[in-house]
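# Tertiary structure, described
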Amino acid sequence: MASAETAAEHERILREIESTDTNCIGPTLRSVYDGQEHGLFMDKLEGRIRNHDREIEKMCNHHFQGFVDSITELLKVRGEAQKLKCQVTETNQKLQNDGKELLTSMDELRQCRLQQRNIATTIDKLTHCLPVLEMYSKLQEQMRAKRYYPALRTLEHLEESCLPQAGSYRFCTIMAENIPRLRTHIRDVSMSDLKDFLESIRKHSDKIGETAMKQAQVQIARDNAVTSQQRSASGRRIRKEMCLGTKVDRNGSNPFSEKDSGILDVEDEEENEIPGAQDLVDFSPVYRCLHIYTVLGARDTFENYYRKQRRKQARLVLQPHSNMSYCTDPDLILDLKNLIVLFADTLQGYGFPVNQLFDMLLEMRDQYGEILLKKWNQSFRQILDQDNYSPIPVASPEEYQRIACQFPFQDPELDKIPFPKKLPFSEFVPKVYSQLKEFIYACLKYSEDLHLSSTEIDDMIRKSTNLLLTRTLSHCLQYAIKKKNVGLAELVQIIINTTHLEQSCHYLEEFISNITNVPPDTINATKLYGTSTFKDARHAAEEEIYTNLNQKIDQFLQLADYDWTAAQGGAQASDYLSDLIAFLCSTFAVFTHLPGNAIEHATLPGKVAQTACMSACKHLSTSLLQLLLEADVRQVSMGALQQFNVDVKECERFARAGPVPGFQGDTLLLAFIDLRQLLDLFTQWDWSTYLADYGRPTCKYLRVNPHTALALLEKISRSMKDTSRKNNMFAQFRKNERDKQKLIDTVVKQLRNLIATNQA
């Protein structure tokens, strides 16, 4: 079995040797020598070699004759081949000799074709390069001529069109590398020109602005030539209303005087042609720089820089000086407003928006109004301080006409009185009225040339005038009324003056309508608050009269010195009360002798006097009752009560005498009714009637309060209990003291029960 496997393995190795490249039989032979049967393998190999040799011999024997025949034929052909070789050699030599000239001609033709191709290529390249060179030459010429914007356009065309078509030559590379530097140079040069322009503008801005504003002022004057006649007619109408003596401002200037607060005198300049501001400014550096930066894609950079620099210049020009204080001069603000209006009109003529400037002027209007109010506050105070608060004496018709021109006053009855005569109001009435008109004119001056409608101007003037009336004039009148040492006569004159000023308010309405050409009955038209202002001032003066009278009464009452333990009262009124009655009589005589009984306000002093008299009597009655019921007064004798009763009778005698005409019957006596019923109750000792009829409408002592009666009765009771007093009111009835004290205690108890019942 082992020999069969060995034989098969040897057979496989032999086949592998036969079929494998000799370079790779090393591993095969090694496997034979590694085994134990290499001898047997060698025998088999020898046998296989002998078999192959026999096959080769058979093959050679089979083809030998054919090989011999082939060699024989080959030998025959060799001679002919030698001949053919000689012929080919000769023919080749002839061909080489003949083709040498052709090769020379072909080489010359090739060289000519190559040169021709090079020439065509060169022409083509030059065709593409010449525009680049021409364009670059044009660029250099433009740069030398400082035509930077065309140079920048040429540079852009050179970079985007010419250089890409020319190809990648060295000079093209140099040009391409030089393009950014040229752009930077152009940008820097244009910016330098712009900076020079800005510097020049800064130096000559005053002259340029002056020229532009002169030109605008001339144009405005020409545009207003048609309306000037209408203004003159309106001015004549208003001046006629104001009369020739009316002055609008304190310097004596007329409100319609053509006082020019601008820069240029139009009449002088119309003779010579005024050059335009655009003729003085060359904006080409700005436009050139703008175009250059636009092409460079840096338009935003240019705009930001230019605006920033111009804004800095504007702030430098418009920045106020460090020592400029808050403006309080309305004339200066008016001049400033006129300059701003002219400046705005100038800008508008060049196409700039000016809405913000006019908005600023409207804001300045409020400041102007406040300054006017402060100025007029001083004027009103000065007028009120310098006034004598006496009726104006008029000695001649000229004086009367002068005052009538300042203040719209009409009194047919007064006109019938021969000269000399007195007007009912004092000097501050026409002066205040003139100041009101001056204020209206001052407001009108500011509203001119603000491009406002007549309705807006009318509304502005009316609102400003209302502020003057309700705030400034009202405060000044209150100041005049409330200041110290003002007398009753002055207060009465203030009442008369404010009445006349109140009646003149509708004339102010008409005055404003005339200067603004807006009818007073226009819908939504602002109404003047002068009527309420003067009414409030009049009421304040009336209240001040009442307050002063009451304070004077209190001063007299402080002099009262009653002996509350007196056994017997006097037959005459107390000295302090006599002096008080004399003062009241003289005071109300001032009201009675006031002039003016033919006009509507003539009844006013009578009404004021009646109210003041009634108020004084009520205050006196109340003060006397408080004096009687003071907590410090612990005891009141019947003698003291009798003296007190005499004083009250003196007050009633004053009321009954009618110190002020106009009271019906015993109306003034009603001020003392509470005191009278209380004193009658105690002097008549009519407690049974009081207690029986209390609460009935027909009660005899209806005005006696149980609390008041109880308080006074307790004071009298204490006085009776003080037995140490020799002048006791019940001393003559010593034997009945106990019964009377018991009666008082009974009344006190009944009064307390009555009070408790009413409270429940």
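Here we summarise the structure given alongside this text. Keep in mind that what you see is a predicted model, and the values were worked out from it rather than measured.

## Considerations on the overall build of the protein chain
Each helix and strand in the protein chain was counted, giving 25 helices and two strands. Out of the 760 residues belonging to the protein chain, those deemed buried represent 38%. Partitioning the intrachain contacts of the protein chain with sequence separation of at least 6 by distance along the chain shows that 79% fall at a separation of at least 24. Of the accessible surface of the protein chain, which amounts to about 46,100 Å², a share of 52% is contributed by carbon and sulfur atoms.

## Some details on the packing of helix H10 (residues 330–349) against helix H11 (residues 355–386)
Running from amino to carboxyl end, H10 crosses H11 at an angle of 170 degrees, the nearest separation of the two axes being 10 Å. In terms of orientation, H10 and H11 fall into the roughly antiparallel class. The residues of H11 that touch H10, namely those facing Pro330, Ile333, Leu334, Leu336, Lys337, Ile340, Val341, Phe343, Ala344, Asp345 and Leu347, are Leu357, Phe358, Met360, Leu361, Met364, Gln367, Tyr368, Ile371, Leu372 and Lys375. A per-class count over the contact of H10 with H11 returns 17 nonpolar, one polar and three charged.

## Let's talk about the pattern of salt bridges
One pass over the structure, following the stated rule, counts 22 salt bridges. For Asp385, the salt bridge is made with Lys483, and the minimal N-O distance between the two is 3.8 Å. Remark: Lys483 occurs in the loop between helix H15 (454–482) and helix H16 (488–503) and Asp385 occurs in helix H11; sequence separation between them is 98 residues. One network of salt bridges, with partners in common, ties together Glu11, Arg15 and Arg48.

## With respect to the environment of Lys195
Note that Lys195 resides in helix H5 (residues 170–223). Here Lys195 falls in the partly exposed class, since its relative accessible area comes to 45%. Along the chain, Lys195 and Val286 lie 91 residues apart, while their C-alpha atoms are 9.4 Å from each other.

## Re helix H4 (residues 148–166)
Residue Leu158 marks the point of greatest curvature in H4, where the axis turns by about 40 degrees. When H4 is considered as a whole, its buried residues turn out to be Tyr148, Ala151, Leu152, Thr154, Leu155, Leu158, Cys162, Leu163 and Ala166. Two residues or fewer after H4 comes Gly167, characterised by a positive phi angle close to 110 degrees.

## Focus: the packing of aromatic side chains
What the rule picks out here adds up to 23 aromatic pairs. The interplanar angle of 70 degrees and the centroid separation of 5.3 Å between the aromatic rings of Phe407 and Phe425 together place this pair among those described as edge-to-face. With a gap of 18 residues between them, Phe407 in the loop between helix H12 (397–406) and helix H13 (412–416) and Phe425 in the loop between strand E2 (421–422) and helix H14 (428–447) connect regions that are remote in the sequence. Members of the aromatic cluster, joined through ring pairs, are Phe682, Trp685, Trp687, Tyr690, Tyr694 and Tyr701. Lying over the aromatic face of Phe419, Lys421 brings its terminal NZ or CZ to 4.3 Å of the ring centre. Between Lys437 and the ring centre of Phe511, over which it is positioned, the NZ or CZ distance is 4.8 Å.

About the cut-offs
- Residues numbered from 1 in each chain as written.
- Predicted model: local features only at pLDDT ≥ 70, side-chain atom pairs only at ≥ 80, totals over all residues.
- Heavy atoms only, no water.
- Helix = DSSP H or I, 4+ residues; strand = E, 2+ residues; numbered from the N terminus.
- Buried < 20%, exposed > 50% of the residue type's maximum accessible area, 1.4 Å probe, protein only.
- Contact = heavy atoms within 4.5 Å.
- Areas by Shrake-Rupley, 256 points an atom, 1.4 Å probe, with all protein chains shown as cover.
- Axes fitted to C-alpha atoms, helices over the stretch in contact; angles between N-to-C directions.
- Parallel < 35°, antiparallel > 145°, perpendicular 65-115°, else oblique.
- Nonpolar A, V, L, I, M, F, W, Y, C, P; charged D, E, K, R; others polar.
- Salt bridge = Lys/Arg side-chain N within 4 Å of Asp/Glu carboxyl O.
- Bend = angle between axes of the 7 residues up to and from the residue.
- Phe/Tyr/Trp six-rings, centres within 6.5 Å; stacked < 30°, edge-to-face > 60°.
- Lys NZ or Arg CZ within 6 Å of the ring centre and 35° of its normal.

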